[in-house]
Amino acid sequence: MSAATSVGDAGPGPRVPWADVLMSAVAAVSWALIGMAGTAALGLRLLDADAAGSPGPLTAAVVALGAGGSVTPSGDVSAYGLSGAEADTAIDFTPLGVSLVGALLLSCFFLRSLRAAGAAVRTAELLARAGAVVALSVAMAGGLVWAGHDVVTIDGSSLGPAGLPGGGGGGGGLEIPGLGDIGGLLPDRVGDLVDASAAVGFTVDAVPTLLGGFGWSAGVLLVALCASRRTPLPRGWDAVHRVVRPAVSAVVTVLLVAVAAGLAAAGYAAIGDDHPRRIAGAALLGAPNGVWLGIPVGLFVPGDGRASGALLGVLPHPVDELLGAGSDRPVTLGRMAELDGRMWLLGVAAALMMLLAGVLTAVRTPVPAARQGAAGFAGRCALRLGVATALTLPLLAWLTEVSANASLSVLGFDVFGAGIELRGRPGTALLLGAVWGAGAGAVGALVAWASGAAGVRAVVWGEVDGEGVGERGDAARAGPYAPGAPYRPPDPGTNPYLRVPGEVAGPAVPPGAGAGEGDVSGAPTVIGPVGPVGRRGSRRGGEGAGGGERPPLWPDEGPPPPPPPP
């Protein structure tokens, strides 16, 4: 029975350790939720966004957005029963800072549970562990739906005449361009707008959030399995480890390095700014959004965008000037460079990032025993990184989409309005990603080959667990090593290295004589007389056969020299 078989298994193979599966899934999802909630709460606090409502529901709503959910704000602005006032708001935005923290924690605990499961995880156990994590993530999303709703009451003075164009503030009249002050004409119907109330709430949508939690958790686990080079996989998945993991791990590494660089740049910008807390909060929630939006643009992937109103000010320079024209404008690296020549550095940084991904792919790709030369190695690296980048750039374009509209109107007159929309082009991202990945993979492979670094960091399939997976017959479970019983007890009569020097034994049996009765390795079996106490031979010279002469240890050893004369 294999060492992997646990006690009490009834079937031909070991059963799934459901207790360990559930405990590890609870730990993974719990730590992911804690990290996401802490990041969201700290970011909202730094932005002073929690001053308008309860911190708990706001944090739950941001975590729901980070986990792939959807939040629908809604409002009802009324002034003494007036039904003509309405609010319309729509938000489609993913705070990738919150998502990234949760993804790192979730994948870390999930991969740790797989490494503790044994040298080679079985397919049934892998599916059970992944399914438990995904199921608990969906349950977590359901909890966010329950907690992520609140109503914020806005003071009517913010909607009164002071907030209107030409409004006098205080208790002044309502002035409309071309009509003058009409506040005195509506005292009985509308009343004093200063005393009006605006109840604006938000609700986490149930079905989109549950589906988003399912897709987010499943996607995180899939990327983690494809990027972790030392996590065991089921037997027969060696192609995934050899072909997919080097390129995917390289792409994930450079994306994380880019986010770290973005956070460092935000910290440097916050040092000399008048509002460092706002910069820190925005970077904490949305640094991956800005960085991963800039990577496709730097690789000449165009996007479409528009912006207006107050939300135009949240865009970085020169994107705000590019989109401030009003109509939909293509967002390209060339157009932004026309407004600010320093934007060409974005293209240089993106190209260097791709070259780093190519070098990492080559360093982590095993070099086959039958060396095919630099050209063959570069071709393999180019193909694998090209496929990985072709899938990554459309994913980045989809994750960094931004769509927000907010309008609050009273009797048809807009009190405030804002809108922003920025979307990439997935088709173009797919094609350019394949081209950039293939080129960077080939150049990086040639650089690594010329420097002698090709394959130096590769993890062989038989070493993913550090103990030789694929080189043993069965997968060994985690725990102390239990040696098996020897095939026979040690016998000094058959192993000359176990005999005491000077021990008298009988004549040696030549090789081949009595096959099957001697040593299994073919060594000669030495037979000696049995003494009175049952030992083989005697320790005193002159007793027993041989007259004290030492028997030959090997067949080709000659007789000992004669003793010296007295």
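Residue numbering note: each chain is counted from 1, following its sequence as written. Local features in this predicted model are restricted to residues whose pLDDT is 70 or higher, and side-chain atom pairs enter the listing and the counts only when it is 80 or higher, whereas totals over whole chains, interfaces and linings include all residues. To get the side-chain values, all heavy atoms of the structure are used, and hydrogens and water are removed first.

Draft legend 1. Examining the pattern of salt bridges more closely. By definition, a salt bridge exists where a carboxyl oxygen of Asp or Glu is found within 4 Å of a side-chain nitrogen of Lys or Arg. Counted by the stated rule, this structure contains nine salt bridges. As a salt-bridge pair, D48 and R45 come within 3.2 Å of each other at their nearest N and O atoms. The class for D48 is partly exposed, based on a relative accessible area of 42%. Judged by its relative accessible area of 44%, R45 falls in the partly exposed class. Note that D304 and R425 form a salt bridge whose closest N and O atoms lie 2.9 Å from each other. Remark: R425 occurs in the loop between β10 (413-424) and α12 (426-451) and D304 occurs in strand β7 (residues 303-309); sequence separation between them is 121 residues. Throughout, exposure labels follow a simple rule: accessible area from a 1.4 Å probe, protein chains only, divided by the maximum for the residue type, with under 20% read as buried, over 50% as exposed, and the rest as partly exposed. Taking relative accessible area as the criterion, D304 reaches 33% and is therefore assigned partly exposed. Look at R425 and you get partly exposed, because its relative accessible area is 31%. A network of salt bridges, in which partner residues are shared, links D20, R122, E125 and R129. Each helix is a run of H or I in the DSSP string that is no shorter than four residues. Each strand is a run of E no shorter than two, and both are numbered from the N terminus.

Draft legend 2. Quick look at unusual backbone geometry. Of note in this structure, F300 is not a glycine but carries a positive phi near 70°. With respect to the secondary-structure elements, F300 resides in the loop between α7 (276-298) and β7.

Draft legend 3. How the structure looks around helix α2 (residues 55-66). Each helix should span, by expectation, one fewer than its residue count multiplied by 1.5 Å. Counted at 1.5 Å a residue, the expected span for α2 with its 12 residues is 16 Å, and the 16 Å between its end C-alpha atoms agrees. Just beyond α2, the residue with positive phi is G68, at close to 90°.

Draft legend 4. Summary view of the nonpolar core. Each nonpolar core is a collection of buried residues, namely Ala, Val, Leu, Ile, Met, Phe, Trp, Tyr and Cys, held together in the definition by side-chain atoms within 4.5 Å. By size, the foremost hydrophobic cluster in this structure holds 43 residues, and its most contacted members are L106, F110, V133, W216, L221 and L225. Broken down by secondary-structure element, the contributors of at least two residues to this core are α1 (18-46), α2, α3 (96-117), α4 (123-147), β6 (197-204) and α5 (206-227). Examining the composition of this core, we find that nine residues originate from one element, α4, more than from any other. Between two residues, a contact is recorded if the distance between any of their heavy atoms is within 4.5 Å. Residues contacting V133, with those up to four places away along its chain left out, are A25, V29, L106, F110 and L221. Residues V251, V291, I295 and L396 belong to the second largest nonpolar core, which totals 25 residues.

Geometry only, nothing functional implied.
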